[in-house]
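A look at the structure
Residues per chain, in single letters:
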Amino acid sequence: VRDVGKNIRHAPGLEVTDDDLNLENDELIIERSEDLEMKMEEVLKQNVISGMDSFKSELKDTLIKYHREHNCTLMIGPFVECGNDGLEDFYVPPNISRVILQSREKNKPLKEPLTSLDQLLISKQIIVLTADAGVGKTSFCKFLVVLWCAVKEGMTDFIAKLSDTQNFFSEIECLDKFTYLFYIQLRGNQCNTLEDIIFSHTKSVHTELSRDNKAFGELLSNENGLFILDGLDECDIPSLMPLAANRKYSILITSRPWKLASINMPSESTYTHAQVDIMNPEVSEKLVLHSNNCLNKHFSTSYNVDDFLSIIKNQHLESHLQNPMLTLQLLCVYHEQRSENKTCQDNVTGDSPCTEYDATAVSDKKDLTYL
């Protein structure tokens, strides 16, 4: 319009053509500033969404790689790693119950069995999971990590292998709701607040996952996530305060029961208290069976579970099978003793004598009295 006006005003003659005069009647389309701002906002919004999707995808890949390297291994027993077998080959999920606090007049709290992960992890922002030593707090945490990685990678074979372990994990889609999952060991922690603990760890996973990262901050406030803090009883955090209102993630904290009495806890309505139950005979037998198969594979042996259980019964050690750690230790001792006796027996029947060989110890494979 400005150019046309200049041509008319500075024309060398006084004549004006019909085409120039028709300019007044033409329909000109001029974008309004409000429309331009709206379109710019739409473009920026699309760029932000695209950038966030890219950020989430990169974070998922980073977390899976980090978990595979640091958080997905579990020892069957003392000094015995899984070898080529993964946690999924021998791990049996525990029974978990929600602890229902009662009035002070009641001696013991009530317990309500949980039948799904959703009941445990989506109930409140803070979930405190307690159990005595060796009952399986860390094993359960690492199992959640392994399962989350499998769900996010679409490892259907892995998930199918776990589907018949126990009804507790029939709703594994619960983990798929979490865009991100971090596992933090609290041993030696020097931070005083939950968010300080979180950001101290996330920076060790990737240097960009800090408080100053705007995309990460938006993710924590807008996307479901899970932080697993393992071993509250192994650090000096003074209190568990409720999370900020603008945070959308949940925190699962494991601890031995006594720790809860020595720190400031939030109000009962703001967190869930759950407990890992001792193993019942059915779960214990599954754990022994799966672990025995892994040990046989690892040591190229073929020892029988029934023989092990018979020894446990004869030595009156059945109560130890309620504790996963003690169960696995006994099973490893059984395999070690059987292997030592077999080696000693082979030496006696061969050309090489076996020093300090006790024939009765070799023939009686049910000697676990030295435990």
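Residues numbered from 1 in each chain as written. Predicted model: local features only at pLDDT ≥ 70, side-chain atom pairs only at ≥ 80, totals over all residues. Heavy atoms only, no water.

Another point: the overall build of the protein chain. Along the protein chain, the regular secondary structure elements total 13 helices and seven strands. For the protein chain, the proportion of its 371 residues judged to be buried stands at 42%. Excluding contacts between residues fewer than 6 apart, the proportion of contacts in the protein chain whose partners are at least 24 apart in sequence is 75%. For the protein chain, the accessible surface area stands at approximately 21700 Å², while carbon and sulfur atoms represent 49% of it. (Helix = DSSP H or I, 4+ residues; strand = E, 2+ residues; numbered from the N terminus. Buried < 20%, exposed > 50% of the residue type's maximum accessible area, 1.4 Å probe, protein only. Contact = heavy atoms within 4.5 Å. Areas by Shrake-Rupley, 256 points an atom, 1.4 Å probe, with all protein chains shown as cover.)

This brings us to the side chain of asparagine 71. Mapped onto the elements, asparagine 71 comes out in the loop between helix H3 (33-70) and strand S1 (96-100). Residue classification places asparagine 71 among the buried residues on the basis of a relative accessible area of 7%. If sequence neighbours within four positions are ignored, asparagine 71 has contacts with Tyr66, Lys142, Val145 and Tyr183.

For residues besides glycine, phi is generally negative; the peptide bonds are generally trans as well. One non-glycine residue, serine 300, lies in positive phi territory at about 55 degrees. The phi dihedral of histidine 316 falls on the positive side, at around 55 degrees, and the residue is not glycine. For histidine 316, the position within the fold is in the loop between helix H11 (305-314) and helix H12 (324-349). According to the relative accessible area criterion, histidine 316 is exposed, its value standing at 66%.

On to the packing of aromatic side chains, then. Going through the model one piece at a time under the given rule, you end up with nine aromatic pairs. Of the aromatic side chains, those joined through ring pairs into one cluster are Tyr180, Phe182, Phe199, Phe216, Phe227 and Tyr249. (Phe/Tyr/Trp six-rings, centres within 6.5 Å; stacked < 30°, edge-to-face > 60°.)

Here the focus is the environment of alanine 245. Tracing the backbone through its elements, the reader meets alanine 245 in the loop between strand S5 (225-230) and strand S6 (250-255). With 24 residues separating them in the primary sequence, alanine 245 and serine 221 have C-alpha atoms 8.8 Å apart.

By the element assignment, histidine 201 lies in helix H8 (residues 194-205). Setting aside its immediate chain neighbours within four residues, histidine 201 contacts Tyr66, Phe182, Tyr183 and Ile184.

For the rest of this paragraph, the subject is the pattern of salt bridges. In this structure the tally under the stated criterion is 15 salt bridges. A salt bridge links glutamate 195 to arginine 247; its shortest N-O distance comes to 2.7 Å. Highlighted residues: glutamate 195 in helix H8 and arginine 247 in the loop between S5 and S6, separated in sequence by 52 residues. Per residue, the accessibility class of glutamate 195 equals that of arginine 247, and both read buried. Residues arginine 338 and aspartate 307 are paired through a salt bridge, measuring 2.8 Å at the closest nitrogen-oxygen approach. Here aspartate 307 lies in helix H11 and arginine 338 lies in helix H12, a separation of 31 residues in the sequence. Several salt bridges converge on common partners, so that one network encompasses Glu195, Asp196, Arg211 and Arg247. (Salt bridge = Lys/Arg side-chain N within 4 Å of Asp/Glu carboxyl O.)

For the rest of this paragraph, the subject is a negative patch on the surface. On the surface, Glu34, Glu37, Glu41 and Glu42 cluster together into a negatively charged patch. Mapped onto the elements of the fold, glutamate 41 is located in helix H3. (Patch = residues over 30% accessible without salt bridge, like charges linked within 9 Å, V, L, I, M, F, W, Y side chains within 5 Å. Lys, Arg positive; Asp, Glu negative; His and termini not counted. Charge placed at Lys NZ, Arg CZ, Asp CG, Glu CD.)

What follows is about helix H9 (residues 214-222). Those residues of H9 not exposed but buried are Phe216, Leu219 and Leu220. Buried positions in H9, seen along its axis, are confined to an arc of 95 degrees and lie on one side of it. With a side-chain oxygen lying 3.1 Å from the backbone nitrogen of alanine 215, the N-terminal cap of H9 falls on asparagine 213. (Arc of directions from axis to C-beta. Polar contact = N/O pair within 3.5 Å; in protein donor to acceptor, adjacent residues only side chain to side chain.)

So, on to the sheet that holds S1. Pairing in this open sheet of seven strands is mixed, and the strands run S2-S1-S7-S3-S6-S5-S4 from one edge to the other. In this open sheet, the two strands that pair with only one neighbour each are strand S2 (110-113) and strand S4 (180-185). Here the strands of the sheet are splayed against their neighbours by 25 degrees on average, with no regard to which way each runs. Here S1 runs beside strand S7 (residues 271-276); their pairing, made up of three bridges, is antiparallel. Across the sheet, the residue bridging to isoleucine 96 is valine 276, located in S7. (Pairing = 2+ DSSP bridges. Axes fitted to C-alpha atoms, helices over the stretch in contact; angles between N-to-C directions.)

Attention shifts here to the pairing of S6. On any regular strand, side chains alternate: one points to one face of the sheet, the next to the other face. Most of S6 is tucked away: six of the six residues are buried. Across the two faces of S6 the burial is the same, with Ser250, Leu252 and Thr254 and Ile251, Ile253 and Ser255 all buried. With five bridges joining them, strand S3 (residues 126-130) and S6 adopt parallel strand pairing. Bridging across to S6, threonine 130 finds its partner in serine 255.

Here we come to the confidence of the model for the protein chain. Detailed reading of the predicted coordinates is not advisable wherever pLDDT falls low. When pLDDT is averaged across the protein chain, the result is 81; 75% of the residues are at 70 or more. Predicted confidence for residues 351-371 stays below pLDDT 50, and this span has 30 contacts to residues more than four positions away or in other chains. (pLDDT = per-residue confidence, 0-100.)

Right, let's talk about the environment of serine 97 for a bit. Counting through the fold element by element, serine 97 comes out in strand S1. Assessed through its relative accessible area of 3%, serine 97 is described here as buried. When the C-alpha positions of serine 97 and proline 113 are compared, they lie 4.1 Å apart, and in sequence the two are 16 residues distant. Excluding residues within four positions of it along the chain, serine 97 makes contact with Lys111, Glu112, Pro113, Leu114, His273, Ala274, Gln275 and Asp277.

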